[in-house]
Amino acid sequence: GEDVEQSLFLSVREGDSSVINCTYTDSSSTYLYWYKQEPGAGLQLLTYIFSNMDMKQDQRLTVLLNKKDKHLSLRIADTQTGDSAIYFCAETFSGNTGKLIFGQGTTLQVKP
Amino acid sequence: EAQVTQNPRYLITVTGKKLTVTCSQNMNHEYMSWYRQDPGLGLRQIYYSMNVEVTDKGDVPEGYKVSRKEKRNFPLILESPSPNQTSLYFCASSLSWQETQYFGPGTRLLVL
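Not measured: the values here are computed from a predicted model.

Reading guide: rules and limits
- Residues numbered from 1 in each chain as written.
- Chains lettered and ligands numbered in written order.
- Predicted model: local features only at pLDDT ≥ 70, side-chain atom pairs only at ≥ 80, totals over all residues.
- Heavy atoms only, no water.
- Contact = heavy atoms within 4.5 Å.
- Salt bridge = Lys/Arg side-chain N within 4 Å of Asp/Glu carboxyl O.
- Polar contact = N/O pair within 3.5 Å; in protein donor to acceptor, adjacent residues only side chain to side chain.
- Helix = DSSP H or I, 4+ residues; strand = E, 2+ residues; numbered from the N terminus.
- Nonpolar A, V, L, I, M, F, W, Y, C, P; charged D, E, K, R; others polar.
- 1 Å grid on protein atoms, 1.4 Å probe; cavity = no way out; pocket = protein on both sides within 12 Å on 5 of 7 lines; lining within 4 Å.
- Points joined across faces, edges and corners; volume = space filled by probe spheres on them.
- Disulfide = S-S within 2.5 Å.
- Buried < 20%, exposed > 50% of the residue type's maximum accessible area, 1.4 Å probe, protein only.
- Pairing = 2+ DSSP bridges.
- Axes fitted to C-alpha atoms, helices over the stretch in contact; angles between N-to-C directions.

1. Re the interface of chain B and chain A
At the junction of the two partners, chain B supplies 23 residues and chain A supplies 20 residues. In this assembly, chain B and chain A are joined by 1 salt bridge. With a shortest N-O distance of 2.9 Å, Asp59 of chain B and Lys99 of chain A are connected by a salt bridge. At the junction of chain B with chain A, the criterion picks out 6 residue pairs in polar contact (both at pLDDT 80 or more). Those elements giving two or more residues to the side of chain B that touches chain A turn out to be strand E4 (31–38), strand E5 (42–51), strand E9 (87–94) and strand E10 (102–103) of chain B. For the side of chain B that touches chain A, the element with the highest residue contribution is E5 of chain B, accounting for 5 residues. Considering only residue class, the side of chain B that touches chain A consists of 12 nonpolar, 8 polar and 3 charged.

As structure tokens, this is what we get:
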């Protein structure tokens, strides 16, 4: 079935790298997404990766996709206090009418 | 500015009192969708719409109705709200069901 799992909490120091992990069960995923939710705010699309890619880099963000292990990660380089938020991974897959399957969200705490 | 808007942003109501949460997008998107966010569960799809006059159930449609009379609007209707519908609601839209979805700011609903 459709399932996306994330660890719930990550704490890092400002300037360090953060790595947020996500595993999914559906092998027919087409796109995998990372969304950011700041306190009291909506969901902001950070980046996405097509399922036939292994890696995507966008400034401080690096997405790695391991299709064999169904594992997705988001690395944030030089993490800043403004990166403190909840990060959701989500997938969509062929034939699912556009529904996004979300993980539970990982709360990233950045300490000064 | 391209955006998805929702109204109201916050709502407190009582059990059984009908309410409508509006969603509007100015991007000429065909696909629109409603999600609810609950702690520890991530976001789950309630209803979606492929285009005008085309709507269908998502994973958690019970207690909700939608309509899509115009391309830009996709209201969510709770005919008889109950306390288990207390949640954070997000509207999203995309060019088509296969494209990236953009989210509104969210509506926080409390049903007493």
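2. Remarks on empty space enclosed by the protein
Under the definition given, this model contains 1 cavity of 30 Å³ or more. Its volume calculated, the largest cavity comes out at about 30 Å³. What lines the largest cavity is simply Tyr33, Thr92, Gly98 and Leu100 of chain A together with Trp97, Glu99, Thr100 and Gln101 of chain B. Residues of the lining of the largest cavity, tallied by class, amount to 3 nonpolar, 4 polar and 1 charged.

3. Comments concerning the state of the cysteines
Residue and element names in this part refer to chain A. Enumeration over the complete set of coordinates arrives at 2 disulfides over all chains. Through a disulfide, Cys22 is tied to Cys89; the S-S separation comes to 1.9 Å. Judged by the sign of its S-S torsion, about 65°, the cystine formed by Cys22 and Cys89 is right-handed. With Cys22 in strand E3 (residues 18–24) and Cys89 in strand E9 (residues 85–93), this residue pair connects regions lying 67 residues apart in the sequence. Neither Cys22 nor Cys89 differs from the other in exposure class; each is buried.

4. Thoughts on the environment of Gly106 of chain B
Residue and element names in this part refer to chain B. Structurally, Gly106 is set in the loop between E10 and strand E11 (107–111). The class for Gly106 is buried, based on a relative accessible area of 2%. Here the alpha-carbon distance between Gly106 and Ser49, two residues 57 residues apart in the chain, equals 18 Å. Setting aside residues up to four positions removed in sequence, Gly106 forms contacts with Gln6, Arg9, Leu88, Tyr89 and Phe90.

5. Remarks on the sheet that holds strand E1 (residues 4–6) of chain A
Backbone-to-backbone hydrogen bonds pair the strands of a sheet. The strands run either parallel or antiparallel. Residues and elements named next belong to chain A. Taken in spatial order, the 5 strands make up an open sheet running E1-E3-E8-E7-E6, and their pairing is antiparallel. Each of the sheet's edge strands pairs with one partner strand only, and the pair in question is E1 and strand E6 (55–58). Geometrically, the sheet is characterised by an average inter-axis angle of 15° between neighbouring strands, direction not taken into account. Strand direction decides the pairing type here: E1 and E3, joined by 3 bridges, are antiparallel. Along E3, the bridge assignment pairs Gln6 with Cys22.

6. Some thoughts on the pairing of E6 of chain A
Residue and element names in this part refer to chain A. Of the pairings in the sheet, the one linking E6 to strand E7 (residues 61–66) comprises 4 bridges and is antiparallel in character. Bridge pairing in E7 places Asp58 opposite Leu61. Counting the residues in the hairpin turn of E6 and E7 gives 2 residues, including Gln59, whose phi is positive at 55°.

7. Structural notes on the pattern of salt bridges
Residues and elements named next belong to chain B. According to the stated counting rule, one finds 8 salt bridges over all chains in the structure shown. A salt bridge links Lys18 to Glu79; the nearest nitrogen and oxygen atoms lie 4.0 Å apart. Placement of the pair is Lys18 in the loop between strand E2 (10–13) and strand E3 (19–25) and Glu79 in the loop between strand E8 (76–78) and E9, with a sequence separation of 61 residues. Owing to a relative accessible area of 35%, Glu79 belongs among the partly exposed residues under this scheme. What emerges from the salt-bridge pattern is a single network uniting Lys18, Lys65 and Glu79.

8. Let's talk about the sheet that holds strand E7 (residues 65–66) of chain B
Residues and elements named next belong to chain B. Overall, antiparallel pairing links the 4 strands, which are arranged E1-E3-E8-E7 in an open sheet. Two strands in the sheet have a free side with no partner beyond their single neighbour: strand E1 (4–7) and E7. Strand direction decides the pairing type here: E1 and E3, joined by 4 bridges, are antiparallel. Within E3, the position partnered with Thr5 by the bridge is Ser24.

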